[in-house]
Amino acid sequence: MEGVERAVDNARILRILSSTSADVLGDEVEIDFLPKNTLVVDMRSLKEYQEWHLPGAVHISRMPPLDELKGKVVVLYCDRGEVSYLFALKLRGMGVKAFSLKGGVEGAKSCLRNARL
């Protein structure tokens, strides 16, 4: 019963029609989905990016300056998700709502497959 009470105390009400991606996202750094209206950044080498990247993703070398990122939701991915996780933490320390895509490239491909269903 204690777990149920804690869940009720921590519950949030989201207005689906008026909520933004930032409202739906919690405080977790790692996510396993791609929210709409986010800046997706591929942190791999330029060669790897050119071979395959998520549609709409920008390469890290083309990421906008920090002042343009504030107020936006940024989702980063790399090979396995470790570098993007650390970079998301760093961006958060600078006031950016940043997330790392869980599983890196495989997680990105999984998000792409799930979006087509």
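Residues numbered from 1 in each chain as written. Predicted model: local features only at pLDDT ≥ 70, side-chain atom pairs only at ≥ 80, totals over all residues. Heavy atoms only, no water.

### Describing the overall build of the chain
Here comes step 1: Regarding its fold elements, the chain presents six helices and five strands.
Here comes step 2: With 117 residues in all, the chain has 32% of them scored as buried.
Here comes step 3: Taking the intrachain contacts of the chain between residues at least 6 apart in sequence as the baseline, contacts between residues at least 24 apart amount to 60%. (Helix = DSSP H or I, 4+ residues; strand = E, 2+ residues; numbered from the N terminus. Buried < 20%, exposed > 50% of the residue type's maximum accessible area, 1.4 Å probe, protein only. Contact = heavy atoms within 4.5 Å.)

### Digging into the nonpolar core
Here comes step 1: Grouped together as the largest cluster of nonpolar side chains are 13 residues, with contacts concentrated most on Val-41, Leu-69, Val-74, Leu-76 and Leu-91.
Here comes step 2: Discounting residues that sit within four places of it in the chain, Leu-91 has contacts with Met-63, Leu-66, Leu-69, Leu-76, Val-96 and Ala-98.
Here comes step 3: Counting residues in each nonpolar core, the second largest holds twelve residues, with Ile-31, Ala-57, Val-73 and Val-105 among its members. (Core = buried A, V, L, I, M, F, W, Y, C linked by side-chain atoms within 4.5 Å.)

### Let's talk about the confidence of the model for the chain
Here comes step 1: Scored by pLDDT, the chain has a mean of 84; 77% of the residues are at 70 or more.
Here comes step 2: Of the regions scoring below 50 in pLDDT, residues 14-24 engages in eleven contacts with residues more than four places distant in sequence or in other chains. (pLDDT = per-residue confidence, 0-100.)

### What about helix 6 (residues 104-115)?
Here comes step 1: Spanning twelve residues, helix 6 covers 17 Å between terminal C-alpha atoms, matching the ideal 16 Å at 1.5 Å per step.
Here comes step 2: Considered for burial, the residues of helix 6 that qualify are Gly-104, Val-105, Gly-107, Ala-108 and Cys-111. Relative to the axis of helix 6, the buried residues are bounded by an arc of 160 degrees and lie together on one face.
Here comes step 3: Check the buried side of helix 6 and you find it contacts strand 4 (73-77) and strand 5 (97-101). (Expected span 1.5 Å × (residues − 1). Arc of directions from axis to C-beta.)

### Focus: the side chain of Asp-42
Here comes step 1: When you line up the elements, Asp-42 lands in strand 2 (residues 39-42).
Here comes step 2: Every residue in contact with Asp-42, bar those within four places of it in the chain, is listed here: Tyr-49, Trp-52, His-53, Val-58, His-59, Ile-60 and Tyr-77.

### Some details on a nonpolar patch on the surface
Here comes step 1: On the surface, a nonpolar cluster with roughly 280 Å² of combined accessible area is contributed by Tyr-85, Leu-86 and Leu-89.
Here comes step 2: Tracing the sequence through the fold places Tyr-85 in helix 5 (residues 82-93).
Here comes step 3: Accessibility expressed as a relative area gives 32% for Tyr-85, which makes it partly exposed. (Patch = residues over 30% accessible without salt bridge, like charges linked within 9 Å, V, L, I, M, F, W, Y side chains within 5 Å. Areas by Shrake-Rupley, 256 points an atom, 1.4 Å probe, with all protein chains shown as cover. Salt bridge = Lys/Arg side-chain N within 4 Å of Asp/Glu carboxyl O.)

### Overview of unusual backbone geometry
Here comes step 1: Positive phi values are uncommon outside glycine, yet Asn-37 reaches one of about 60 degrees.
Here comes step 2: Within the element layout of this structure, Asn-37 appears in the loop between strand 1 (30-31) and strand 2.
Here comes step 3: For Asn-37, a relative accessible area of 78% gives the class exposed.

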